[in-house]
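What follows is each chain in one-letter form.
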Amino acid sequence: MSENSIYQHFRKDEAVVIDDIHDTLERVRNEYRPILTHFFNPREQLIASTLLKDDDQIKMKSFGLIPNAERKRILFYPEYYDPVLSDFEVSLMEINYPTKFAELRHNQVLGTLMNIGIKRDVIGDIVTDGEKWQIVADAQMVDYIRLQVDHIGRIKVKMIPASSEQLVSSRDEWTDLQVSVSSLRIDVLVAGVYNLSRKHVKDLLKSQKVHLNWMLVEKPDLELGIKDIISVRGHGRFRIDDVHGVSKRGKIRLGISVLEN
């Protein structure tokens, strides 16, 4: 796939991601060595694999530590290279807190991490079994996070290293759903998945309660694509897994995965 045609397959606001990945691939090609990215969300992973679709010089592998991880680091490498897990520089941290007297929530944990001045792309998945909370992170950021985070909200915590053998089984369960919609606009999708009116969805967008791939979005006419993840405060999250075609009535049939709050 040519460099020019790739832009036609993705949104205008994703051009920066495409350019960054393209520049990384050029570095791998010119320097003839592997290069590791930060954590990519599923949409960014799709863009990376699309860019490499017809490339016979560079390969890629991804790793996010936990089974079926959403966020993964990608290693782009020349054909001669044989990747190992240590190449991905991923570490696990556990939040030590008084579990009998306090309760944590995902948005609290993520918000605390963002408030210490780090970027979202140095953090992988945040998982919990309902009591224990663990964070996948760039190995080079572990010491900084450990030193900076001693409270989440009013709850006193301690960030401690954990091994992959201590990984909890996440209680998050995605439910498969088939939906038919008139278009791939974000307001249409949110309304269809959660059985809401379009007016209600537009109010949610105006109230800054909708995120696309972890970024705030307010435009109701934004077109969605495969592997996009939409978060709606008060409702949960859903991911577009596949487009199954168009019905005789002109409806777009989609395979969706839904994660309730």
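Before reading on, note that the structure itself is shown above.
Residues numbered from 1 in each chain as written. Predicted model: local features only at pLDDT ≥ 70, side-chain atom pairs only at ≥ 80, totals over all residues. Heavy atoms only, no water.

Peer 1: What is the right way to look at helix α4 (residues 106-114) in this model?
Peer 2: Along an α-helix, residues three or four apart share an orientation, since each turn contains 3.6 residues. What α4 keeps buried is the set V109, L110, T112 and L113. Along the axis of α4, the buried positions cluster into a sector of 160°, meaning they face one direction only. (Buried < 20%, exposed > 50% of the residue type's maximum accessible area, 1.4 Å probe, protein only. Helix = DSSP H or I, 4+ residues; strand = E, 2+ residues; numbered from the N terminus. Arc of directions from axis to C-beta.)

Peer 1: When you look at the nonpolar core in this model, what are you seeing that I'm missing?
Peer 2: The tendency in soluble globular proteins is for nonpolar side chains to be buried side by side. Residues V190, I230, F238 and I256 are the most contacted members of the largest nonpolar core, which totals 27 residues. For this core, the secondary-structure elements that each account for two or more residues are β10 (175-181), α6 (186-194), α7 (198-206), β11 (210-212), β13 (229-232), β14 (236-246) and β15 (252-260). Among the elements that make up this core, the one with the highest residue count is α6 (seven residues). For F238, the residues in contact, after removing those within four places along its chain, are W174, L189, V190, V193, Y194, D228, I229, I230, I256, S257 and V258. In this structure, I95, A102, L113 and V149 belong to the second largest nonpolar core, which totals 23 residues. (Core = buried A, V, L, I, M, F, W, Y, C linked by side-chain atoms within 4.5 Å. Contact = heavy atoms within 4.5 Å.)

Peer 1: What is the right way to look at the packing of aromatic side chains in this model?
Peer 2: The geometry of an aromatic ring pair comes down to the distance between the two centres and the angle between the two planes. One pass over the full model with this rule turns up five aromatic pairs. Measuring from ring centre to ring centre gives 6.2 Å for Y80 and Y81, while their planes differ by 90°; the resulting arrangement is edge-to-face. Taken together, a centroid distance of 5.8 Å and an interplanar angle of 70° make the contact between Y194 and F238 edge-to-face. Residue Y194 is found in helix α6, and its partner F238 is found in strand β14; the two are separated by 44 residues along the sequence. In this structure, Y194 and F238 share a single accessibility class: buried. Taken together, Y32, Y77, Y80 and Y81 form an aromatic cluster joined through their ring pairs. (Phe/Tyr/Trp six-rings, centres within 6.5 Å; stacked < 30°, edge-to-face > 60°.)

Peer 1: Honestly, the sheet that holds strand β1 (residues 35-40) in this entry has me stumped. Any pointers?
Peer 2: Sheet strands line up and pair through hydrogen bonds in the backbone, either parallel or antiparallel. Spatially, three strands are ordered β1-β3-β2 in an open sheet, and the strand pairing comes out antiparallel. Each edge of the sheet is formed by a strand with only one pairing partner; in this case those strands are β1 and β2 (58-63). Neighbour-to-neighbour, the strand axes of the sheet open up by a mean angle of 25°, direction not taken into account. Taken together, the six bridges between β2 and strand β3 (residues 72-78) define a ladder with antiparallel strand orientation. (Pairing = 2+ DSSP bridges. Axes fitted to C-alpha atoms, helices over the stretch in contact; angles between N-to-C directions.)

Peer 1: What is the right way to read the packing of α6 against α7 from this model?
Peer 2: A pair of packed helices is captured by two measures, namely the crossing angle of their axes and the spacing between those axes. At a minimum axis separation of 9 Å, α6 and α7 run at an interaxial angle of 115°. Between α6 and α7 lies a crossing of right-handed hand. Taken together, the residues of α7 that come into contact with α6 (itself represented by D187, V188, V190 and A191) are R198, V201, K202 and L205. Its residues assigned to classes, the contact of α6 with α7 comprises five nonpolar, no polar and three charged. (Left-handed = near helix turned anticlockwise from the far one by under 90°. Nonpolar A, V, L, I, M, F, W, Y, C, P; charged D, E, K, R; others polar.)

Peer 1: Where do I start with unusual backbone geometry in this structure?
Peer 2: A positive phi angle, near 50°, is found at E89, a position not held by glycine. Relative to the helices and strands, E89 resides in the loop between β3 and β4 (90-96). The exposure class assigned to E89 is partly exposed, which follows from its relative accessible area of 32%. You will see that N213, though not glycine, has its phi angle at about 50°, which is positive. Note that N213 resides in the loop between β11 and β12 (215-216).

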